[in-house]
Amino acid sequence: MGVAFVLALIMGPLCIPILRRMKFGQQIREDGPQGHLKKQGTPTMGGVIILLALSLATLRFADKNTDLLILLLASLGYGLVGFLDDYIKIIFKRSLGLTAKQKLFGQLLISAIVCYLLVMQGHSTDIYVPFVSYHMNAGWLYFPLMAILMLGASNAVNFTDGLDGLLAGTSAIAFGAYTIIAMNNTQPEAAIFSAAMVGAVLGFLVFNAHPAKVFMGDTGSLGIGGGLVAVAILTKAELLLAIIGGVFLVEILSVVIQVVSFKTRKKRVFKMSPIHHHFELVGWSEWRVVITFWVVGLVLAVLGLYMNEVL
């Protein structure tokens, strides 16, 4: 964790000026909170800092085995999809990058490769229900379910990246919980990877805290999401992701509820989705929203560890 943190701190001052000179600036939605318009042009694609620090630290300390390959493939593969999305946004000066179908194809392709590696590894198809001594064998359905989980959870994490420091803080908390779970399960690669991600996002947070000097973009948010699901799968704590990653779940549910409500009733449930923007529009400061979500994330992480009988 410490090595990844230091690497991110070193790379930040090196990468941010380069991103600025290359005019890799964030495009802000005009229909979003008006206070965000001043962020137009802030360097984005800073997720490369996170993924580089993560990769270097993990490769230095973890054994090179299938577990590590799965973890890095999930994180870097999803990060690559995000990178392409960010790059298109910047080149064409628009708030939308890859089309929905293109992004979906890329994410499903990475998920399919990860699931293939899981099959080759002989990964257990049991799904454990937290807090009770019960598990069920999903058989061949397990792997399609995990592909869907990767797709849904990575996009949930992506939706959370909308305020300075919000995703960096909540993801650090979630990966911190999975670090403890992996250590408890004696899974060194998953533990090292998770700890390295904690260090990388905290190092990035130094530059991403309000007012942000750089945004991670989809490069970072999708990379973080893919890595988080991969850790949950390898530690057999898939269902716990709904608790430990509860903030991400609420974020994506707010988007789904908003879309369904508007299409069926022509009415909005929230002033704006994802839900962090709703709180901004009812008068909360950006910093208040971020701190509140961090606290909620921490409470849910502790609850998840308790349900996993680690605490």
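Residues numbered from 1 in each chain as written. Predicted model: local features only at pLDDT ≥ 70, side-chain atom pairs only at ≥ 80, totals over all residues. Heavy atoms only, no water.

1. Examining the packing of helix α1 (residues 2–21) against helix α2 (residues 47–61)
The axes of two packed helices give the description: the angle between them and the distance between them. Going by this rule: In this analysis an axis means a line fitted to C-alpha atoms, helices contributing only their contacting stretch, and an angle means the value between N-to-C directions, from 0 to 180 degrees. Helix numbers and strand numbers start at the N terminus; a helix is a DSSP run of H or I with at least 4 residues, a strand a run of E with at least 2. Crossings are classed by handedness, with left-handed meaning an anticlockwise turn of the near helix from the far one by less than a right angle and right-handed meaning a clockwise turn. Working rule for contacts: check all heavy atoms of both residues, and any pair within 4.5 Å makes them a contact. For this scheme, ten residues count as nonpolar: Ala, Val, Leu, Ile, Met, Phe, Trp, Tyr, Cys and Pro. Four count as charged, namely Asp, Glu, Lys and Arg, and the remainder, Gly too, count as polar.
Contact geometry of α1 with α2 gives a least axis separation of 9 Å together with a crossing angle of 145°. Handedness of the crossing formed by α1 with α2: right-handed. Touching V3, A4, L7, A8, M11, G12 and C15 of α1 are I49, L52, A53, L56, A57 and F61, all from α2. Residues of the contact of α1 with α2, tallied by class, amount to 12 nonpolar, one polar and no charged.

2. Section: the pairing of strand β1 (residues 126–129)
Put simply, the rule is: If DSSP finds at least two bridges between two strands, the strands pair.
Pairing of β1 with strand β2 (residues 134–137), which is carried by four bridges, proceeds in the antiparallel orientation. Paired with V129 across the strands is Y134, a residue of β2. The antiparallel pairing of β1 with β2 creates a hairpin that spans four residues between the two strands, and F131 there sits at a positive phi of about 75°.

3. Focus on the side chain of S111
Among the structural elements, S111 can be located in helix α4 (residues 100–121). Those residues within four positions of S111 in sequence are excluded, and the remaining contacts are Y78, A147 and M150.

4. With respect to helix α6 (residues 166–184)
What counts is decided by this rule: Multiplying one less than the number of residues by 1.5 Å gives the expected span of a helix.
Compared with an ideal rise of 1.5 Å per residue, which puts 19 residues at 27 Å, α6 spans 28 Å between its outermost C-alpha atoms and is within 8% of the ideal. With its phi angle positive at about 55°, T186 sits one or two positions after the end of α6.

5. Structural notes on unusual backbone geometry
Put simply, the test is: Remark: exposure states derive from per-residue accessible area (1.4 Å probe, protein chains only) relative to the maximum for the residue type, with buried under 20%, exposed over 50%, and partly exposed in between.
P211 follows H210 through a cis peptide bond whose omega is -5°. Turning to its location among the elements, P211 is positioned in the loop between α7 (188–208) and α8 (217–234). Residue P274 is reached from S273 by a cis peptide bond, and omega for that bond is 0°. Its place among the elements puts P274 in the loop between α10 (246–265) and α11 (275–281). Even without a glycine there, the phi angle at K236 is positive, about 55°. As for its position among the elements, K236 is in the loop between α8 and α9 (241–244). Classification of K236 as buried rests on a relative accessible area of 16%.

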